[in-house]
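Topology and contacts: notes
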Amino acid sequence: MKLFICLITPDGKLRRHFGRGKDGIIPAEAFKRGPLANQQAQPTVAAWTPKAPFSSADLERFLLSRARNHDACILIVDLVWQHYVQDITSAAFIVTFEAEAASGNPQNFFFGISARMLRNFAQLLNKFRRSDDAKLLALPLRNFIASELNEIARLCREAVLSGSLSDDVEQQLAGLRARVRPRQKTSYKTTYAVDDLKRFFAYGLETHAQFATGVPHHAYCEIGGLFRFGVRLDERRHYNVSETEGDRTTIEGNFPDCHDQVHAVTGKTHLNMFANDYF
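This text gives an overview of the structure that appears in the document. (Residues numbered from 1 in each chain as written. Predicted model: local features only at pLDDT ≥ 70, side-chain atom pairs only at ≥ 80, totals over all residues. Heavy atoms only, no water.)

1. Things to note about the overall build of the chain
The test is simple: By the criteria applied, helices consist of DSSP H or I runs no shorter than four residues and strands consist of E runs no shorter than two, each listed in order from the N terminus. Residue burial is assigned from relative accessible area. The probe radius is 1.4 Å, only protein chains are included, and a residue is buried under 20% of its type maximum, exposed over 50%, and partly exposed in between. Residues count as neighbours in contact if any of their non-hydrogen atoms are within 4.5 Å of one another. Asp and Glu are treated as the negative residues and Lys and Arg as the positive ones, with His and the ends of the chain left uncounted. Positions of charges follow a simple convention, taking NZ of Lys, CZ of Arg, CG of Asp or CD of Glu.
When you go through the chain residue by residue, the secondary structure sums to nine helices and 13 strands. Overall, the chain is about 65 × 40 × 30 Å in size when its C-alpha atoms are taken along their principal axes. Per-residue burial over the chain gives 49% buried out of 279 residues. Within the chain, contacts between residues separated by at least 24 positions form 69% of all contacts whose residues are at least 6 apart in sequence. Of the side chains in the chain, 35 bear a positive and 31 a negative charge, and the two mean positions are spaced by 5 Å.

So, in structure tokens, the structure goes:
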């Protein structure tokens, strides 16, 4: 398993410390006896060192260039630069910190963070390894309307180092599982995750489509299609989204896409929608 771990901070001292590689960030035993011990983990450690002027789009392009071929994207973000990751908070697994707390003894500080970070990420990864739960965790965040999914996203933004993260996510997953059912008035046994608007989301087996990149899309659109909470997704798979019970389905309404542009849909039987909301 290939993990991309990146520091994002304006602090030159901390960036130089990260330049030493994983031995200065993660205890040597972390991948031998820790929560990722059975994953054959291959960490790549980097620090973003932008040239002025720069923007969040520059960071996103950097992450795409470095993390695209990895199985995980974990970011350790200085609070003063937190705004640069605002569009990928549910794509990457993001740990925030205060540079002042790290400056005295960077190795001890990052060792402390990394132990909790890797434990919680490994527990989240295990949930994605359960195929039925992976389909729920990767549901499109803008278009699947459910408090449980919103709360999982909040937890994975705001409580990534919490000792109860795994249990808290599991509790919300139980609510999402309760939403899974077949359509009524049909003999088909296909099951769907059904949101508050009674829209049916089925994770398709087909791989005949792909989400678009390039203008008018942004780099964060692509990152959102590749990762969810830091875990790599199968970008070739999408959800079939429809409405109505029975065999004849329709779909209509206003749907935001991967960069929040709203599209009016009428006269469709279903939508092919990816995890990043592209359809």
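2. Remarks on the state of the cysteines
Counted only if it meets this: Count a disulfide wherever a pair of cysteine sulfur atoms falls within 2.5 Å.
On inspection of all chains with the given rule, the structure shows zero disulfides. Cysteine Cys156 shares no disulfide, and the gap to the nearest cysteine sulfur, in Cys73, comes to 14 Å. A residue is classified by how much of its surface remains accessible, and Cys156, at 1% relative accessible area, is buried. Note on Cys258: no disulfide assigned, nearest cysteine sulfur contributed by Cys221 at a separation of 3.6 Å.

3. Side note on empty space enclosed by the protein
In plain terms, the rule: Here a cavity means grid points, on a 1 Å grid over the protein atoms only, where a 1.4 Å probe fits yet cannot get out; a pocket means an open set of points with protein on both sides within 12 Å along at least five of seven lines; lining residues are those with an atom within 4 Å of a point. Grid points are joined across faces, edges and corners, and a volume is the space filled by probe spheres set on the points. Put simply, Ala, Val, Leu, Ile, Met, Phe, Trp, Tyr, Cys and Pro go in the nonpolar bin, Asp, Glu, Lys and Arg in the charged bin, and everything else, Gly too, in the polar bin.
This model, assessed by the stated rule, comprises one cavity of 30 Å³ or more. Of the voids in this model, the largest cavity is the one considered here, and its volume is about 30 Å³. Leu63, Leu64, Ala67, Arg68, Cys73, Ile223 and Phe227 together form the lining of the largest cavity. With three residues, helix H3 (residues 56–67) is the largest single contributor of residues to the lining of the largest cavity. The residue makeup of the lining of the largest cavity, split by class, is six nonpolar, no polar and one charged.

4. Some remarks on the packing of H3 against helix H9 (residues 219–226)
To keep things clear, this is the line we draw: The angle between two axes is taken between their N-to-C directions and runs from 0 to 180 degrees, where each axis is a line fitted to C-alpha atoms and a helix contributes only its stretch in contact. Each angle receives one of four descriptions, namely roughly parallel if under 35 degrees, roughly antiparallel if over 145, roughly perpendicular if within 65 to 115, and oblique otherwise. For a crossing to be left-handed, the near helix must be turned anticlockwise from the far one by less than a right angle; the clockwise case is right-handed.
It is the contact of H3 with H9, at a shortest axis distance of 9 Å, that shows an interaxial angle of 40°. One element, H3, and the other, H9, form an angle in the oblique class. The interaxial crossing formed by H3 with H9 has left-handed handedness. Within the contact between the two elements, H3 uses Glu60, Arg61, Leu63 and Leu64 and H9 uses Ala219, Tyr220, Glu222, Ile223 and Leu226. Here the residues of the contact of H3 with H9 sort into six nonpolar, no polar and three charged.

5. Digging into the sheet that holds strand E13 (residues 271–273)
Cut-off, in case you're wondering: Here, strands pair whenever DSSP counts at least two bridges between them.
In space, the five strands of this open sheet follow the order E5-E6-E7-E10-E13, with antiparallel pairing throughout. Every interior strand has two partners, whereas the edge strands, strand E5 (180–182) and E13, have only one. Put simply, the sheet's adjacent strands are angled 40° from each other on average, direction ignored. The pairing of strand E10 (residues 239–242) with E13 spans three bridges and is antiparallel. Paired with Val241 across the two strands is Leu271, which belongs to E13.

6. Digging into the packing of helix H7 (residues 147–158) against helix H8 (residues 165–177)
Where H7 meets H8, the axes come as close as 8 Å, and the angle between the chain directions of the two elements is 165°. When the axes of H7 and H8 are compared, the pair comes out roughly antiparallel. In the packing of H7 onto H8, the handedness of the crossing is left-handed. Mapping the contact onto sequence places Glu148, Leu149, Glu151, Ile152, Leu155 and Cys156 in H7 and Leu165, Asp168, Val169, Gln172, Leu173, Gly175 and Leu176 in H8. Counted by class, the contact of H7 with H8 contains eight nonpolar, two polar and three charged residues.

7. Description of the side chain of Arg199
For clarity, the cut-off: Contacts described as polar in this section are N or O atom pairs within 3.5 Å, which, within protein, must combine one atom able to donate a hydrogen with one able to accept it, while residues neighboring in sequence count only if both atoms come from side chains.
The residue Arg199 is located in the loop between strand E6 (191–194) and strand E7 (200–203) in this model. For Arg199, a relative accessible area of 10% translates into the label buried. Among the polar contacts made by the side chain of Arg199, one reaches the main-chain carbonyl oxygen of Glu252 at a distance of 3.4 Å. When neighbours within four sequence positions are excluded, Arg199 is seen to be in contact with Ala193, Val194, Ser242, Glu243, Ile251, Glu252, Gly253 and Phe255.

8. Overview of H9
Extensive coverage of H9 is indicated by the burial of eight of its eight residues. Within the sequence span of H9, burial applies to Ala219, Tyr220, Cys221, Glu222, Ile223, Gly224, Gly225 and Leu226. Among the structural elements, H3, strand E8 (227–228) and strand E9 (231–232) are those in contact with the buried residues of H9.

Function-wise, these values are silent; they only describe arrangement.
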